[in-house]
Amino acid sequence: VSARLLDGRALATTLRADLTTRVGRLERGAHPPILAILTDGAHAAATLYAASLERAARSIGVETRVIREADVVALERAAAELNAEARVAGIVVGQPFGDPAAGRRLVEHVDVSKDVDGAHPESAGRLARGEPAFVPATALAVIAVLEAHLVRVAGVRAVVVGRSAVVGRPVASLLLARDATVVICHRATRNLAEETRRADLLVAAAGVPLLVRGDMVRPGATVVDCGINAAEGGIVGDVAFSEVEPIAAAITPVPGGIGPVTPMMVLRQLVEAAERS
Ligand code: NDP
């Protein structure tokens, strides 16, 4: 037997079509939204994220404004201007920054009503409280892929490997809000394999190539791999796909799983924000 493939590319195509229609409607109503991206250009990962957001935005007819500036104070000023500009419906800060603390401070200059990648502490607080909030896009992508493939979440035992503010924690909050019983693992977890083997739904967001091996997965589990790790010959996930795929009931591939859906989640939140205003 082999696992059902939880394909993200087809879902991204469906989402793109829906968002394109909604952007068209906003344009006819003379409210075409702009997505602004702020980056210090220090890290390749942030530059790649900005580029993928720009490409995705263009694909649904959304204009982008990328502000690349090494000086964080200048970026803070830019954020204040973008907050005041009605057509700018969303502002994304491309993390990580050269100085991570400066990156976190910059996020706090973004108006919460334009925080379409759910990076602001107030958005995170609302999410943690189970209130409506903008959510980090990768976490939303996990839920979107599960929903698109009708994977049951309510009542299941979900194990999330990773507790970062961008992936692990928000995924755990979203699963909890959907009535999963959630366990969060990290580097100090005593016996990772013992925890992951109990998962009906396993979400890997550790940033460690091939961390989740075949013997760490319960037969019939659903496995979601958020990992994007550069390796020789391309990108690998946090899950050893060839070992886990014969054991799991369903699994996301890397690439082609969570990755392509993530920028669409930023854009979905942007379009929702524009539709509200
Ligand atoms: P971070 O490095 O910020 O966080 C990693 C988390 O995993 C930490 O909480 C860490 O624990 C935990 N962890 C690391 N090693 C282990 C281990 N051996 N056992 C148990 N837990 C471990 O990474 P991110 O959350 O930013 O990213 C995670 C992955 O998701 C990366 O591969 C990244 O590339 C990918 N990613 C994908 C995106 C997408 O669009 N699909 C977007 C963003 C990220 P501790 O807290 O104890 O240090």
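See above for the structure.
### Brief notes about the overall build of the protein chain
What the protein chain contains, in helices and strands, is 10 helices and 11 strands. What you see for the protein chain is a C-alpha radius of gyration of 19 Å, in line with the 19 Å of a compact globule of 277 residues. Within the protein chain, the fraction of its 277 residues that count as buried is 50%. The contacts in the protein chain between residues at least 6 apart in sequence include a share of 70% that link residues at least 24 apart. For the protein chain, the accessible surface area stands at approximately 12900 Å², while carbon and sulfur atoms represent 53% of it. The centroid of the 30 positive side-chain charges in the protein chain is displaced by 4 Å from the centroid of its 31 negative side-chain charges.

### Some points on helix α6 (residues 137-148)
Along an α-helix, a turn takes 3.6 residues, which lines up residues three or four apart on a common side. An ideal rise of 1.5 Å per residue puts 16 Å on 12 residues; α6 measures up with 16 Å between its terminal C-alpha atoms. When α6 is considered as a whole, its buried residues turn out to be A137, T138, A139, L140, A141, V142, I143, A144, V145 and L146. In this structure, the buried side of α6 is in contact with α1 (9-28), α2 (44-59), α7 (168-177), β7 (201-204), β8 (222-225) and α10 (262-276). Of the residues one or two after α6, L150 is the one with positive phi, at around 55 degrees.

### What to know about the nonpolar core
Ranked by size, the top nonpolar core spans 57 residues in total, and within it L35, L175, L201, V203 and L267 carry the most contacts. Among the elements that make up this core, the one with the highest residue count is α6 (nine residues). Every residue in contact with L175, bar those within four places of it in the chain, is listed here: I143, L146, V153, A158, V160, A180, V182, L201 and V203. Formed by 19 residues, the second largest nonpolar core is a distinct cluster that contains A3, V161, A199 and V217.

### Here's the deal with the site of the ligand
Not every one of the 22 residues close to the ligand is listed here, only the nearest: T138, R163, S164, R187 and I228. Between the ligand and C226, the relevant distance is 3.3 Å, taken from an oxygen atom to a main-chain nitrogen or oxygen of the residue. Side-chain polar atom of T262 to an oxygen atom of the ligand: 3.0 Å apart, as the coordinates give it. The protein chains hide 74% of the 930 Å² of surface that the ligand would expose on its own.

### Points about the pairing of strand β3 (residues 63-68)
Strand direction decides the pairing type here: strand β2 (residues 34-39) and β3, joined by six bridges, are parallel. Directly across from T39, in β3, lies its bridge partner R68. Note that the unit made of β2, α2 and β3 has a crossover that is right-handed.

Conventions we followed
Residues numbered from 1 in each chain as written. Predicted model: local features only at pLDDT ≥ 70, side-chain atom pairs only at ≥ 80, totals over all residues. Heavy atoms only, no water. Helix = DSSP H or I, 4+ residues; strand = E, 2+ residues; numbered from the N terminus. Rg over C-alpha atoms; globule rule 2.2 N^0.38 Å. Buried < 20%, exposed > 50% of the residue type's maximum accessible area, 1.4 Å probe, protein only. Contact = heavy atoms within 4.5 Å. Areas by Shrake-Rupley, 256 points an atom, 1.4 Å probe, with all protein chains shown as cover. Lys, Arg positive; Asp, Glu negative; His and termini not counted. Charge placed at Lys NZ, Arg CZ, Asp CG, Glu CD. Expected span 1.5 Å × (residues − 1). Core = buried A, V, L, I, M, F, W, Y, C linked by side-chain atoms within 4.5 Å. Near = heavy atom within 4 Å. Polar contact = N/O pair within 3.5 Å; in protein donor to acceptor, adjacent residues only side chain to side chain. Pairing = 2+ DSSP bridges. Right-handed = clockwise from strand over helix to strand, strands pointing away.

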